[in-house]
Every structure is written in C-alpha cells, then in structure tokens.
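In case you want the letters, here they are:
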Amino acid sequence: MKLDIPYLIANLTLEEKAGLCSGADFWHTKAVERLGLPAIMVSDGPHGLRKQDDQGDHVGINDSIKAVCFPAGSAMASSYDRDLISRVGSLLGEEARAEGVHTLLGPAINIKRSPLCGRNFEYLSEDPYLAGELSASYVAAVQAANVGVSVKHYAANNQEFRRMSVDTLVDERTLREIYLKAFETTVRKSKPWTIMCAYNKINGTYCCENKWLLTDTLRDEWGFDGIVMTDWGAMNERVDALKAGLDLEMPSSNGLNDKKIVAAVEAGELPLEVLDRAVQDLLVWFERGLAEEPAIASFDKEAHHEASRKAAAQCAVLLKNEGDLLPLDKNSKIAFIGPFAGAPRFQGGGSSHINCFKITSALDACSQENIEVTYSAGISDDGITADDELLKAAIEQAKSAEVAVVFAGLPDSFESEGYDRSHMDMPQAQNQLISAIAAVQPNIVVVLHKGSPVAMPWLNEVSAVLDMYLGGQAVGAATVDILFGEANPSGKLAETYPLRLEDTPCYLQFPGDGKSVTYGEGVFVGYRWYDSRKMEVLYPFGYGLSYTSFSISELKLTTDTLEEGGSVEVSVNVTNTGKRPGAEVVQFYIAPPAKLTKIRPVHELKGFEKVYLEVGETKTVKIKLDVDSFSYWSSEQGKWFAAPGVYTIEVGNSSRDITCSTAIELKTPAAPFRYSASTTFGDLMDAGMNDIIDQLKQGMASTLGGGENPSEGASEGVVNSQMMQEMMAGMPIHALASFTSIPEDSFNGLINMLKQRSAE
Ligand code: BGC
C-alpha cells in the first residue's frame, strides 16, 4: 500500500502528528482513520513470535499466540553460520507476515561484557565482529520477507541491574570498538527499518535523549534511514528526545508526552520541522511493511519446528569428548538422567518468551525414533532441590547401564531478563548428581541447557560435555540427533568460558553502584582480555569439537603489503581428515604490530567462514580484509585509524588454537603529528622528525660533554647509550631548557617549528 506522505504531512493536525510519535497500546501505533492511515503492529522478538492478542506486557507474563521457538541468540551465535541465521530470519519473517506483524523486535545484539548479565541468553557474543555479521544476516533475511526489525538495545545496555536508569560510563574508543560496532555493521550492511534505543544512560545522558548516539553517529555517520523507537518505557524527557532523534515512544505515556510535544511546538520550543522529520520517517516506516502482495495466509508450523531442530543441532557445541565416547551406539544400554531430559530448558524468561505450539524433549525424540533408553530424574523436577530417593534410583540405573547421559544446566529462575546472576554456578543438587553418577559410571555424558557459561566443578569426572545452550522448542530432538551421530556438532563458543568469575574482565566493576557502572576494562572484553593477559580459561572463544577432525593449512595472501584504501584476499585450505562429514569454522584474527604506542588487544576476530566437508575433502576458504580491518578508533583523530607497521594474520579454530599465521605490512600514513606541552622526544622519533632530532642531539651533546650521541658524555656502565635513548624518549620537549644550555633563541625557534608542523 502506497501512502501519500507529502499529503499526510500537510493534512495531519499537530495533535495527530504528536500522537503518531507514541504507541496506541502495547504493540500498536495509532491509526488516523480520517486520512486512511492504518495502525501497525510490532511484536517480540528475536527467536520467535510473541504476538499478544489481548493483554500486553513486556516481561513475558501474559500469554501470546502459539508459535515456534527457535534457538535463542546465545545458541544461534555458536553456529557461526550466516546462512543458518538467515534461514531462521526468513522463517520468522514468514510467521510475522502470516500473523500481520509489521516489525519484529529483534535482534538483540548487546555485547556480553560479563557472563552474569541476566539477558546474555538472548545476546549473541562477546565479540562485536561476530555479533555484527550474524545480526546483519538476520536483519537482511527478515526484511526480505517485507517485515521490519528493531535492532536492540542501542546502546551499552550490558546488564539488567538497574537497567532502566544506570549510567554507563564508557570512553568513546571502547564504545566504538566494542559496544557500537555490531550496530554499525548491521546498519551499514542491512539497513534495518528500526533501532530500539536502550533504557540506560551513556555518560550522563539517557540513550533516548542522546543526540550524539541517535543522530550524529547513527544517522549522519552510518546513514541510518529508519526510525528509532524506545525500549518499552525508556522515555525520559519527550521533547528533548525528539530533538535528539527519537521518533517513537513505546508503548505510550497515555497521552502525557503527546501533549508535551504539542505544547512545545506551540511555545516555539520545538521547531515544527523536527516533529515533521520524525513523522515523515514514521510514515516511511509504516509504508515499508504495508506490502502490495497479500500477506501469507498461514505458515507450516511443523516445518518450522523441523527447521528449529536442524538449527539447534548446528548450534550445539561439543566441549569435551574423551575417548570418543560420543556419538553413542543406539544399541547400547543408555540411562538418561535429570529432569531436563523430559522437560528441557530451551528458552529464557522475559520479553522473548515464546508460547510454543509443541516441545520435543530428548525422551520424546527417543521414543519417536525407537531408541531405547531408561530414565530417572535424580533430583526433583524443579532442577534445584536434591532428593535422596531419586538420587539413589538414578545411581542404580546408571550402574546397570553402559552409558549415562545427565541432562543439566540452569533452571528458569537462575537467568532471566530483568535481573543478573550473582554467580556462575548450577544448582548444587545438579553438580552433586553429576558427581554421584560419575562415581559409578565411567561413561558419562553431560548435556547442558543454559544461556551463559557455568562453572563445571565435575569436568574432570566426566567423559563428554555437550552444550546445547537454549536450543529452542525442538532442542530434545536436536540433542538426540547429536548424541547418536545423526548430526555432527559444529558449533563454536561465541564467548569465553572463564575458570572463575574473579577472572572476568569487569569483575570489580560489574554491575556498578546502582547509579553508574564504569567500563574500566575498556576494549579488553572477552578473549581480548583473557588472551592479552595469557590467562588460563575453561574454554576459549571460538572453541568447539567435532566427531571428525580438520586440518587448516596453506595460508596465502594476495599481497604482503597494504596501502591506504587497499585490500588483501586471505586464503587457506581446510581438509576433513577424520571419518565423518562435518563442518569447521575457520577463524581469522589480526594481531597488531608488537611496538605500537596504542594499547590494543593481542588479536581480534576479523573474519570467519563455516565450511562443510565430506570425508577427505579439501576446500579453499577465502576472505577479504581491507585496511579498516586493521584499524582502531583513534580518539585523538576522532576516526578509525590503521597505523602503519607489520601485523600478523592468524588463522585457526579458536582464539587459542592458531594453526597458521603470516605477516602483512601496512604502508598507511602515520598519525598526524600534533605538538602539545606533553610532546616528547619519542613522539618526534615516531613521527620521523629526524632533522629536528639531529639538531637536538647536537645541543644535548654539547651540554652533556659528548659528541653526536647525547650519551657519549655519560660514563658507560652506569648509564649506557641504550638507557639514555630510552630515558630521552620519554622526556617532554619543554624540559629541554632544564637539562641543556640550549640558547633561548634556538629553544623558541624549535618550539615554533614544531607548532608549524603540527596538524590542526
Ligand atoms: C525489552 C525489549 C522488548 C520490549 C517489548 C523490554 O522490556 O527490553 O527487548 O522488545 O520489552 O517487550
């Protein structure tokens, strides 16, 4: 349906325009019937449709229509598979069309700063490159179905504690490199129709009122041409927000803020053009989803359930498989233990909670496929409380079986939207159950259902650990597919599993004091922290096993030098060296030059490809890296900057398993020299100002009594020339007068010359 936007802008009253800037109810915008403008509907969420017909809520309390729950973001990201996430996006787009939903509220792409964030199960990764690539694929696929998305929560909303008011104190470089990057990638690559602004403040200003965030960066720099809506209830000052670039307030303020807009326009405090711009953008957004072709009448729920099953299998991460215990033989005597075997935990709580039309547990799947297993709960059904009788029965069953599979993880109350975890432990009853079974049965597999890392005190006691994350409503079937080898695990961790909570980068500064939270660890989030500090971890970023094995070799570059604006093709051969077909995720990291004055992580993910290989097959994986891939955000220059120097391209299958690497030199321009009161000799050396350094050396030599080299006057052995050089590097130019007898004229001349050469 085409809207006559100029006509509408000319004919809508001021009150109607203000009214369009907030919702009519929980999920709808306002219609303007006299002008033929329909209301449109939005619904959560990222991994399933939470369409509510009657009573709306944003915390998952009231029912929504029956739908299909796909794997949650934490699981989907472990697939490292752009095609898979696109397929799920298309199916969700189809469901939304069939249900008359105009825009889906997702993907949720906030960075996992701490493993404790209650909403990490919904988020993708600790790495902004991975999160950005997957989010861009998802958005493109949903929107190809002519359904909008709302990429959320923009920005720096990395905890649930006081999420509606906390002030995130974070420097610009950290924001740009870590917390905004995935949003930037999504906006640039896939042009989302809407962005959802987060509840919190950033450096003192609520996101909804943050012009730098919503207009200068999002629209002017990245070219975003959609609308920004608030998270539900994230509005602070309505008029300021409109001026900052916030178009739609959701759900609404019952007319309160609409009136404020009208009053501000009438008082001349809010230019009408600002309101018109928002209305114009809103109308464009409405029109985008009002498709010409009829909506899809219905969708095949069973087919989507099947797709959810396949997706869950591709997301699963095999953490341990000693003695190749997995896959299991269907004919062996197998005991399934733990309540999650019959009632899996497959989604998180809150606004993403789906009312599933069907759930397949591992026990259901076994009975459907005639696989014989015995079952005992081992603990009570809540997954939290120990029960001696149940434990005894489980031990007996494990003893008489050949293999025990314990289904464990986090019960609903342990992680959810709305609050954070305070520890990484599973319920103690579950840990005790695993240890008790391990004591009687050496062949023990632990299947995990949870949305974030957990401590595994029993890890050395078990042979295999299969991490299903929160795999959606068909997770039981997918688990059985993997346990018995119908599917070969190929997921990789999209986040590091730390050994201890105390090791996590923001341990001392999470979740802040209730008023603010300081991101003091800067860009050192996730593996950027653990790898730079060479810390031992439980499982590294990018890690995951397979039932087959792979080799990665023959790393080649099309060039070993890069100039400004250039790019390089990186290729590598991957071979399936094992006995089963399977997929490997080839990961490309870039390590900065060893001597770089800027503090940078030891390496960062800049490319990945998932490649499926038959037994013995080799494929060449190619990616393109351009100069931007080597850059960091230079706060001094106010832009991305790729410093010249020799970098290393590393290729492997986890951040700790780099199998080949090679050097590449960037011949990019050096950072412009800027003179200031803290400019040192070292800065002059870095900027290549050799003529000035020579002059200075001569001046110093005459004072220190030596020749050409300033150290020559010093007695070797106490202060040698290397030491002198190092000390000099840190000396500010203004201190020259204190240590040399440089004549006043020469000193002033030198300073003037440096000022002249200084960039603006
Ligand atoms: C959540 C959003 C969600 C919205 C609507 C909020 O509480 O933070 O992610 O889209 O509710 O349910």
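Please refer to the structure placed before this passage.
All of the points below concern the structure found in this document.

Parameters and conventions
- Residues numbered from 1 in each chain as written.
- Predicted model: local features only at pLDDT ≥ 70, side-chain atom pairs only at ≥ 80, totals over all residues.
- Heavy atoms only, no water.
- Helix = DSSP H or I, 4+ residues; strand = E, 2+ residues; numbered from the N terminus.
- Rg over C-alpha atoms; globule rule 2.2 N^0.38 Å.
- Buried < 20%, exposed > 50% of the residue type's maximum accessible area, 1.4 Å probe, protein only.
- Polar contact = N/O pair within 3.5 Å; in protein donor to acceptor, adjacent residues only side chain to side chain.
- Near = heavy atom within 4 Å.
- Areas by Shrake-Rupley, 256 points an atom, 1.4 Å probe, with all protein chains shown as cover.
- Nonpolar A, V, L, I, M, F, W, Y, C, P; charged D, E, K, R; others polar.
- Phe/Tyr/Trp six-rings, centres within 6.5 Å; stacked < 30°, edge-to-face > 60°.
- Lys NZ or Arg CZ within 6 Å of the ring centre and 35° of its normal.
- Expected span 1.5 Å × (residues − 1).
- Pairing = 2+ DSSP bridges.
- Axes fitted to C-alpha atoms, helices over the stretch in contact; angles between N-to-C directions.
- Right-handed = clockwise from strand over helix to strand, strands pointing away.
- Parallel < 35°, antiparallel > 145°, perpendicular 65-115°, else oblique.
- Left-handed = near helix turned anticlockwise from the far one by under 90°.
- Contact = heavy atoms within 4.5 Å.
- Salt bridge = Lys/Arg side-chain N within 4 Å of Asp/Glu carboxyl O.
- 1 Å grid on protein atoms, 1.4 Å probe; cavity = no way out; pocket = protein on both sides within 12 Å on 5 of 7 lines; lining within 4 Å.
- Points joined across faces, edges and corners; volume = space filled by probe spheres on them.

Topic: the overall build of the protein chain
Here comes step 1: The helix and strand tally for the protein chain stands at 22 helices and 27 strands.
Here comes step 2: Its C-alpha atoms give the protein chain a radius of gyration of 29 Å, near enough to 27 Å, the size a compact globule of 760 residues would have.
Here comes step 3: Along the three orthogonal principal directions, the C-alpha set of the protein chain runs to about 95 × 75 × 50 Å.
Here comes step 4: Residues classed as buried in the protein chain amount to 61% of the 760 residues present.

Some details on the environment of H423
Here comes step 1: Residue position: H423 is located in the loop between β14 (403-409) and α15 (428-440).
Here comes step 2: When the C-alpha atoms of H423 and M41 are compared, they prove to be 38 Å apart, with 382 residues separating the residues in sequence.
Here comes step 3: Polar contacts involving the side chain of H423 include one to the main-chain amide nitrogen of D425, which spans 2.9 Å.

Focus on the site of the ligand
Here comes step 1: In the vicinity of the ligand there are 15 residues, among which D44, R119, K152, H153 and D231 approach most closely.
Here comes step 2: The contact in question runs from an oxygen atom of the ligand to an N or O atom on the side chain of Y199, over 3.2 Å.
Here comes step 3: The contact in question runs from an oxygen atom of the ligand to an N or O atom on the side chain of D231, over 2.7 Å.
Here comes step 4: In isolation the ligand exposes 310 Å². Once the protein is present, 100% of that is buried.
Here comes step 5: Within the shell around the ligand, the residues separate by chemical class into 5 nonpolar, 3 polar and 7 charged.

A short note on the packing of aromatic side chains
Here comes step 1: Summed over the entire model, instances satisfying the criterion amount to 16 aromatic pairs.
Here comes step 2: Considering the side-chain rings of W633 and W640, the 5.5 Å spacing of their centres and the 85° angle between planes classify their relative orientation as edge-to-face.
Here comes step 3: Taking relative accessible area as the criterion, W633 reaches 3% and is therefore assigned buried.
Here comes step 4: Chaining the aromatic ring pairs together yields one cluster made of Y80, Y129, Y527, F541, Y589 and F608.
Here comes step 5: Positioned over the ring face of F608 is R82, at 3.9 Å from the centre of the ring.
Here comes step 6: One residue, K181, lies across the ring of W640, its end atom 4.3 Å from the ring centre.

Here we look at helix α11 (residues 272-289)
Count 3.6 residues to each turn of an α-helix, and residues three or four apart come out pointing the same way.
Here comes step 1: In this model, α11 (18 residues) spans 26 Å end to end at C-alpha, consistent with the 26 Å of a helix rising 1.5 Å per residue.
Here comes step 2: Those residues of α11 lying buried are L275, D276, A278, V279, D281, L282, L283, W285, F286, E287 and G289.

Looking at the sheet that holds strand β23 (residues 618-626)
Here comes step 1: Pairing in this open sheet of 3 strands is antiparallel, and the strands run β18-β20-β23 from one edge to the other. Two strands close off the open sheet at either side, each with one partner strand: β18 (550-557) and β23. Between one strand and the next, the sheet's axes are offset by a mean angle of 25°, whatever the strand orientation.
Here comes step 2: Two elements, strand β20 (residues 567-576) and β23, share 9 bridges in a ladder whose sense is antiparallel. Within the sheet, the bridge partner assigned to V570 lies in β23 and is I623.

A word on unusual backbone geometry
Here comes step 1: In this structure, the amide linkage connecting G106 to the following residue, P107, adopts the cis form with an omega of 10°.
Here comes step 2: The step from M250 to P251 runs through a cis peptide bond, and the omega angle for that step is -5°.
Here comes step 3: For N370, which is not a glycine, the phi torsion comes out positive at approximately 55°.
Here comes step 4: For N370, the location among the structural elements is in the loop between α13 (362-368) and β13 (374-376).
Here comes step 5: Its relative accessible area of 72% is what places N370 among the exposed residues.
Here comes step 6: One non-glycine residue, K534, lies in the positive phi region at around 50°.
Here comes step 7: Inspection of the secondary structure puts K534 in the loop between α17 (527-532) and β18.
Here comes step 8: Relative accessible area serves as the criterion here: at 74%, K534 is assigned to the exposed category.

Focus on the pairing of strand β15 (residues 444-449)
Here comes step 1: β15 sits mainly inside the fold: 6 of its 6 residues count as buried.
Here comes step 2: Both faces of β15 are covered, namely the face carrying I444, V446 and L448 and the face carrying V445, V447 and H449.
Here comes step 3: For β14 and β15, the ladder comprises 6 bridges, and the chain directions are parallel. By the bridge assignment for β15, A408 is matched with L448.
Here comes step 4: Crossover handedness for the path β14 to α15 to β15: right-handed.
Here comes step 5: Sheet topology places β15 next to strand β16 (residues 464-467); 4 bridges connect them, and they run parallel. Note on β16: the bridge partner recorded for L448 is D467.

Thoughts on the packing of helix α4 (residues 82-98) against helix α12 (residues 301-315)
Here comes step 1: Look at α4 against α12: their axes get within 11 Å of each other, and the N-to-C directions meet at 155°. By the angle class used here, α4 and α12 are roughly antiparallel. The two elements α4 and α12 meet at a crossing, and its hand is left-handed. Judged by residue contacts, L84, R87, V88, L91, E94 and E95 of α4 engage H304, A307, A311, Q314 and C315 from α12.
Here comes step 2: Among the residues forming the contact of α4 with α12, the class breakdown is 6 nonpolar, 2 polar and 3 charged.

Quick look at the packing of helix α6 (residues 172-179) against helix α8 (residues 211-221)
Here comes step 1: Contact pair α6 / α8: the axes reach a minimum separation of 14 Å and the direction vectors enclose 55°. As far as their axial angle goes, α8 and α6 are oblique. Crossing geometry of α6 relative to α8 is assigned as right-handed. Along the contact surface, α6 presents E172, L175 and R176, while α8 presents W212, T217 and E221.
Here comes step 2: By residue class, the composition of the contact of α6 with α8 is 2 nonpolar, 1 polar and 3 charged.

Here we look at the pattern of salt bridges
Here comes step 1: All chains considered together, the criterion is met by 46 salt bridges.
Here comes step 2: Notably, a salt bridge pairs D216 with K211, separated by 2.9 Å at the nearest N-O pair.
Here comes step 3: On the basis of relative accessibility, which here comes to 26%, the residue D216 falls in the partly exposed class.
Here comes step 4: Here D467 makes a salt bridge to K450, at a shortest N to O gap of 3.1 Å. Of this pair, D467 sits in strand β16 while K450 sits in the loop between β15 and β16, and the two are 17 residues apart along the sequence.

Comments concerning helix α16 (residues 475-483)
Here comes step 1: Buried residues dominate α16, accounting for 9 of its 9 residues.
Here comes step 2: Looking only at α16, the buried set comprises V475, G476, A477, A478, T479, V480, D481, I482 and L483.
Here comes step 3: Elements in contact with the buried residues of α16: α12, β11 (334-337), α13, β14, β15 and β16.
Here comes step 4: Trailing α16 by a residue or two, G485 shows a phi angle of about 85°, which is positive.

Quick notes on empty space enclosed by the protein
Here comes step 1: One pass over the full model with this rule turns up 5 cavities of 30 Å³ or more.
Here comes step 2: Empty space within the largest cavity amounts to approximately 130 Å³.
Here comes step 3: Taken together, 15 residues line the largest cavity, and the ones lying closest to its centre are P46, G73, I85, L124 and Y138.
Here comes step 4: Going through the elements one at a time, α3 (73-78), α4 and α5 (128-144) are the ones with two or more residues in the lining of the largest cavity.
Here comes step 5: Here the lining of the largest cavity gets 3 residues from one element, more than from any other, and that element is α5.
Here comes step 6: Its residues assigned to classes, the lining of the largest cavity shows 11 nonpolar, 3 polar and 1 charged.

These values are about where atoms sit, not about what they do.
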